Amino acid sequence: MLKITTGYNKDRDLIQGIKRSGLPVILYGVGLIADNAEIMLQENGLGVASRVIDDKYLDSVPVSERNSCVLSISQLERQYKAYNLLLCFFGGYRSDLQTYRDLFPGANILDFLSSIYDRGVLETMDTSYITDHLDAFEKVYDLLEDRLSRDSMEAYLNAKINRDASFLFPYVRRPQYFSGSDRVLDLKLRKDEILINCGAFTGDTIKDFLVAVDNNFQKIYACEPDPVNVQHLTDFIKSIGIGDRTQIIPKCISDKRENVFFLCRGNMLSRKVEEQQPGTVLIQADTIDNLLGSRPVSLIVMDVEGNELKALQGAKDSILKHKPLLAVAAYHKKDDLITLTGYLKELVAEYRFYFRVHKPMAIDAVLYASTRAATCL
């Protein structure tokens, strides 16, 4: 049975504590986590006095509107006697924060925000949603094949509803998508994989894949619609010398061929949207079935910012015919675990399911579906 913890909201309590202190807020970090933390603080009536970075990195900080005020740790300690400090990088999301307490002796509150991405494409989840859909979540829980999957799912749900990333810390596995390939027969990678990477970004998943298969594979289809990301992806593919076995597909993967609005951010938050807004362009969407035709596929890795169900529906024929190993992002929508598992189980009754969390906050949670153990017996 799922064990759901209720009764508190860590992020809300943290923000209230910062407000009561009256001290300036400092963000340790200059990347996307810091950007989203600052947005969340602003939404709650709090400003950011500065960002801070290690002394040795100060001269290499990327210039941006949000990085206009960045201090080194030494400068921070000279300028502020007391402050509140939020850790804004994945390495700071851990149970033991003593290292950072020693590094920042002036920090009154030293902590991290857990739900900084819970807006836009990432839907929030509360206790009432879990209780209202408990039977459906427990059906997914019961379908999961191993203890780590069930514990990870329970931790993920508790992290979401309590806005507390610490639930996840014992269960984070790296690298994303391929951490179980040498431990779980169903997730084992082969030397002749034909990979479709939907949401290839700039090649981060492909890089991990090449390590996992020791550069032995048959074909990669790298699907990425954002033009800025496509250029970086192209450069990456060329630099590692796999262009002869890799096809870059600059399209949005969905359930039909059509033109769609696409929000181009030039980062991992680029996504398909329903209506035009600043930053959107018209881009072609297509299905995996159309792109493959009669060609085979053995592995589909998919993170398409909330469009996963439609992308799977557009791969229906390929999945039925080839029964590829699937690794599908299941964290954008609050019903993803229920909906994606239900669709795939109905489509291929033989699929066995696994669930892993790959980041120390409630993002990059992945549903796996496989028939490989049976074929290896």
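Parameters at a glance
Residues numbered from 1 in each chain as written. Predicted model: local features only at pLDDT ≥ 70, side-chain atom pairs only at ≥ 80, totals over all residues. Heavy atoms only, no water. Helix = DSSP H or I, 4+ residues; strand = E, 2+ residues; numbered from the N terminus. Rg over C-alpha atoms; globule rule 2.2 N^0.38 Å. Contact = heavy atoms within 4.5 Å. Buried < 20%, exposed > 50% of the residue type's maximum accessible area, 1.4 Å probe, protein only. Pairing = 2+ DSSP bridges. Axes fitted to C-alpha atoms, helices over the stretch in contact; angles between N-to-C directions. Core = buried A, V, L, I, M, F, W, Y, C linked by side-chain atoms within 4.5 Å. Phe/Tyr/Trp six-rings, centres within 6.5 Å; stacked < 30°, edge-to-face > 60°.

A. Representation of the overall build of the protein chain within the structure. Each helix and strand in the protein chain was counted, giving 14 helices and 16 strands. A compact globule built from 377 residues would reach a C-alpha radius of gyration of about 21 Å, and the protein chain, at 22 Å, matches this within 12%. With respect to the principal axes defined by its C-alpha atoms, the protein chain has extents near 65 × 50 × 40 Å. Taking all contacts inside the protein chain whose residues are at least 6 apart in sequence as the whole, residues at least 24 apart take part in 70%.

B. Up close: the pairing of strand β5 (residues 107–111). The buried fraction of β5 is high, at four of five residues. Here three bridges tie strand β4 (residues 83–87) to β5, and the two strands are oriented parallel to one another. Bridge pairing in β5 places Leu-85 opposite Leu-110.

C. Summary view of the sheet that holds strand β2 (residues 50–53). With respect to topology, five strands assemble into an open sheet ordered β3-β2-β1-β4-β5, the strand pairing being parallel. Two strands in the sheet have a free side with no partner beyond their single neighbour: β3 (70–72) and β5. Neighbouring strand axes in the sheet, compared pairwise and without regard to direction, differ in orientation by 30° on average. Sheet analysis places strand β1 (residues 25–28) next to β4, joined by four bridges and oriented parallel. Bridge pairing in β4 links Tyr-28 to Leu-87. Docked against the sheet, helix α1 (residues 10–21) engages β1, β4 and β5, running at close to 165° with respect to β5. On the sheet, helix α2 (residues 32–43) packs against β1, β2 and β4 and is oriented at approximately 160° with respect to β1.

D. How the structure looks around the nonpolar core. Of all hydrophobic cores here, the largest spans 91 residues; its most connected members are Leu-85, Phe-104, Met-153, Tyr-156 and Leu-344. Considering each element in turn, this core owes the most residues, six residues, to helix α7 (residues 147–162). Tyr-177, Ile-220, Ala-222 and Ala-327 belong to the second-largest nonpolar core, a separate cluster that totals 25 residues.

E. Structural detail: the sheet that holds strand β13 (residues 299–302). If you trace the seven strands from one edge of the open sheet to the other, you get β8-β7-β6-β13-β14-β16-β15, paired in mixed fashion. At either end of the open sheet lies a strand with only one pairing partner, and these are β8 (246–249) and β15 (352–357). Neighbour-to-neighbour, the strand axes of the sheet open up by a mean angle of 15°, direction not taken into account. Sheet strands touched by helix α9 (residues 227–239): β7 (219–223) and β8. Its angle to β8, the strand with the most contacts, is close to 175°. Against the sheet, helix α13 (residues 336–347) contacts β14 (325–329), β15 and β16 (365–370), and its axis sits at roughly 10° relative to β16.

F. Quick look at the packing of aromatic side chains. Enumeration according to the criterion identifies twelve aromatic pairs in this entry. Considering the side-chain rings of Tyr-28 and Phe-89, the 5.0 Å spacing of their centres and the 80° angle between planes classify their relative orientation as edge-to-face. With Tyr-28 in strand β1 and Phe-89 in the loop between β4 and α4 (98–103), this residue pair connects regions lying 61 residues apart in the sequence. Overall, the relative accessible area of 6% leaves Tyr-28 in the buried class. Aromatic pair Tyr-28 and Phe-104: ring centres 4.9 Å apart, planes at 70°, arrangement edge-to-face. In this pair, Tyr-28 is assigned in strand β1 and Phe-104 in the loop between α4 and β5, connecting sequence segments 76 residues apart. The two residues Tyr-28 and Phe-104 agree in class, both being buried. Through a chain of ring-to-ring contacts, three or more aromatic side chains come together here, namely Tyr-28, Phe-89, Tyr-100 and Phe-104.

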